[in-house]
Amino acid sequence: MGEHPSPGPAVAACAEAERIEELEPEAEERPAAPEDHWKVLFDQFDPGNTGYISTGKFRSLLESHSSKLDPHKREVLLALADSHADGQICYQDFVNLVAFFLYNGVSLDQFVLQVTHPRYLKNSLVYHPQLRAQAWRFLTYIFMHAGIEHLGLNVVLQLLVGVPLEMVHGATRIGLVYVAGVVAGSLAVSVADMTAPVVGSSGGVYALVSAHLANIVMNWSGMKCQFKLLRMAVALVCMSMEFGRAVWLRFHPSAYPPCPHPSFVAHLGGVAVGITLGVVVLRNYEQRLQDQSLWWIFVAMYTVFVLFAVFWNIFAYTLLDLKLPPPP
């Protein structure tokens, strides 16, 4: 009594249809997919809708990013774009090149296309002299590299030397040498190259490689190692290439003046650790380190250096009144 009858199925279906029609305009306002974005950009250079654009038009697109893109890398992209040497680029090739290289190399600030980027120092892992109070940076800088070349050579050296050493000496000893080289590398930069940032795992890598090479030289006649001369030659060539590149990069004028180039002194810190602590660790791997007197001497030397570098970072920067690069 007093209840209204429920609407029939036909009325309910009609009301539902009207509600769907009201929602359709909102559904059309969805954001464009990434594929649509690249298609719109491609169509701007292909007004005739032929499905191809000329390499000249692609060059003009790359040159519009000249402030962000290294000129040498831009020429590499152009060569890849015109791989068929027919002067034309299809849509799929355009997407592969622009979407992958430009997105990863420019938009995400990954070091795919440029040796350094003006915002690479903003990463919280990189050692920067203005942020040396953040002590973790003296260790975490190893997780960042200034370019694929830098990363590639360090990976080659770790695979060539680090993995075999770990199989023989164990992860504990090799990890000890590696971490000691990493810390000594960043501290050496803070003392000897006070205005430069640091990136890369070269301090730890060079500690392992130099310890291994020094151990081979000291025990050359008694070592039964296949291709030891070839392995030494390959390691020395890779080390020389990586170190030479680091020196050139440090003194080469920066393309982004507020952004200083990374220091190469970390390499030297790693070598110093390798030919001291590293040689002792690797020389008699069956003997306990606690039983080696030379081990304690080098540990004491390393401890004194670390303490000296800590006090240097606390007092020397203020006393010397250095002009440091602006904080990132």
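Given the structure is predicted, the values throughout are model-derived calculations rather than measurements.

### Structural notes on the confidence of the model for the chain
Then comes step 1: Of the residues in the chain, 68% reach a pLDDT of 70 or more, and the chain-wide mean stands at 76.
Then comes step 2: Contacts from residues 20-32, a stretch scored under 50 in pLDDT, to residues over four places away or in other chains number zero contacts.
Then comes step 3: Overall, residues 103-115 carries pLDDT values under 50, and its contacts beyond four positions in sequence, including any with other chains, amount to 37 contacts.

### Concerning the nonpolar core
Then comes step 1: In terms of nonpolar packing, the biggest core is built from 47 residues, with Y127, Y141, L157, V209, V273 and L277 touching the most fellow members.
Then comes step 2: Elements supplying a minimum of two residues to this core: α7 (148-169), α8 (171-192), α9 (202-218), α10 (228-251), α11 (265-283) and α12 (293-320).
Then comes step 3: Residue contributions to this core peak at nine residues, all from α8.
Then comes step 4: Other than its neighbours up to four places away in sequence, V209 contacts L157, V161, A235 and M239.

### Quick word on the UniProt feature "active site" (unreviewed entry) in the chain
Then comes step 1: With numbering aligned to this structure, UniProt lists the feature "active site" (unreviewed entry) at S202 and H267. The annotated residues occupy 66 residues of the chain but converge on a single region, no pair of C-alpha atoms lying more than 5.6 Å apart.
Then comes step 2: Following the sequence through the fold, S202 ends up in helix α9.
Then comes step 3: Not counting the four nearest positions on each side in its chain, S202 is found in contact with H150, N154, E242 and H267.
Then comes step 4: Following the sequence through the fold, H267 ends up in helix α11.
Then comes step 5: Overall, the relative accessible area of 3% leaves H267 in the buried class.
Then comes step 6: For H267, the contacting residues outside a window of four places in its chain are S202, Y206, E242, F243 and A246.
Then comes step 7: Looking at H267, its side chain comes within polar contact range of the side chain of E242, at 2.6 Å.

### Here's the deal with the UniProt feature "transmembrane region" (unreviewed entry) in the chain
Then comes step 1: Sites flagged by UniProt as "transmembrane region" (unreviewed entry) map to residues 138-163, 175-192, 198-217, 229-251, 263-282 and 294-320.
Then comes step 2: As a span, residues 138-163 carries 73% helix and 0% strand, and end to end its C-alpha atoms are 24 Å apart.
Then comes step 3: Taken end to end, residues 198-217 comprises 80% helix and 0% strand; its first and last C-alpha atoms sit 30 Å apart.

### Structural notes on α12
Then comes step 1: Its 28 residues give α12 an end-to-end C-alpha distance of 38 Å, which sits within 8% of 40 Å, the value for a rise of 1.5 Å per residue.
Then comes step 2: Considering bend angle alone, the principal kink of α12 is centred on N313 and spans about 40 degrees.
Then comes step 3: All of the buried residues along α12 are W295, F298, Y302, A309, N313, A316 and Y317.
Then comes step 4: Those residues of α12 hidden inside the fold are in contact with α6 (137-140), α8 and α11.
Then comes step 5: Trailing α12 by a residue or two, D321 shows a phi angle of about 55 degrees, which is positive.

### Focus: the pattern of salt bridges
Then comes step 1: Applying the stated criterion across every chain yields a total of one salt bridge.
Then comes step 2: Here D193 ties to R250 by a salt bridge, and the two come within 2.9 Å at their closest N and O atoms. Here D193, found in the loop between α8 and α9, pairs with R250, found in helix α10; they are 57 residues apart in sequence, far enough to count as distant. Of the two residues, D193 and R250, both sit in the buried class.

### What about the packing of aromatic side chains?
Then comes step 1: Here the structure, examined in full by the defined rule, presents five aromatic pairs.
Then comes step 2: Considering the side-chain rings of Y127 and F138, the 4.9 Å spacing of their centres and the 55 degrees angle between planes classify their relative orientation as tilted. On the criterion of sequence distance, the pair formed by Y127 in the loop between α5 (91-107) and α6 and F138 in helix α6 is long-range, its members being eleven residues apart.
Then comes step 3: Geometrically, the ring pair formed by F311 and F315 is stacked, given 6.3 Å between the ring centres and 5 degrees between the ring planes. Residue F311 and its partner F315 are both found in helix α12; the two are separated by four residues, about one turn of the helix.
Then comes step 4: Assessed through its relative accessible area of 46%, F315 is described here as partly exposed.
Then comes step 5: One aromatic cluster is present, built from ring pairs that chain together F243, F251 and F264.
Then comes step 6: It is R132 that lies over the ring of Y317; its NZ or CZ is 3.8 Å from the centre.

### Overview of the environment of L213
Then comes step 1: Following the sequence through the fold, L213 ends up in helix α9.
Then comes step 2: Separated by 22 residues in the primary sequence, L213 and A235 place their C-alpha atoms 8.6 Å from one another.
Then comes step 3: Apart from the residues lying within four places of it in its own chain, the contact partners of L213 are M232, A235, L236 and M239.

### Section: the packing of α7 against α10
Then comes step 1: Between α7 and α10, the shortest axis-to-axis distance is 10 Å and the interhelical angle comes to 150 degrees. Overall, the two elements α7 and α10 adopt an arrangement that is roughly antiparallel. At the point where α7 passes α10, the crossing takes the left-handed sense. Taken together, the residues of α10 that come into contact with α7 (itself represented by E149, H150, L153, N154, V156, L157, L160, V161 and P164) are R231, V234, A235, C238, M239, M241, E242 and R245.
Then comes step 2: Looking at the contact of α7 with α10 residue by residue, the class counts come to eleven nonpolar, two polar and four charged.

Cut-off values and rules
Residues numbered from 1 in each chain as written. Predicted model: local features only at pLDDT ≥ 70, side-chain atom pairs only at ≥ 80, totals over all residues. Heavy atoms only, no water. pLDDT = per-residue confidence, 0-100. Contact = heavy atoms within 4.5 Å. Core = buried A, V, L, I, M, F, W, Y, C linked by side-chain atoms within 4.5 Å. Buried < 20%, exposed > 50% of the residue type's maximum accessible area, 1.4 Å probe, protein only. Helix = DSSP H or I, 4+ residues; strand = E, 2+ residues; numbered from the N terminus. UniProt positions renumbered as here; feature names shortened; annotations may be inferred. Polar contact = N/O pair within 3.5 Å; in protein donor to acceptor, adjacent residues only side chain to side chain. Expected span 1.5 Å × (residues − 1). Bend = angle between axes of the 7 residues up to and from the residue. Salt bridge = Lys/Arg side-chain N within 4 Å of Asp/Glu carboxyl O. Phe/Tyr/Trp six-rings, centres within 6.5 Å; stacked < 30°, edge-to-face > 60°. Lys NZ or Arg CZ within 6 Å of the ring centre and 35° of its normal. Axes fitted to C-alpha atoms, helices over the stretch in contact; angles between N-to-C directions. Parallel < 35°, antiparallel > 145°, perpendicular 65-115°, else oblique. Left-handed = near helix turned anticlockwise from the far one by under 90°. Nonpolar A, V, L, I, M, F, W, Y, C, P; charged D, E, K, R; others polar.

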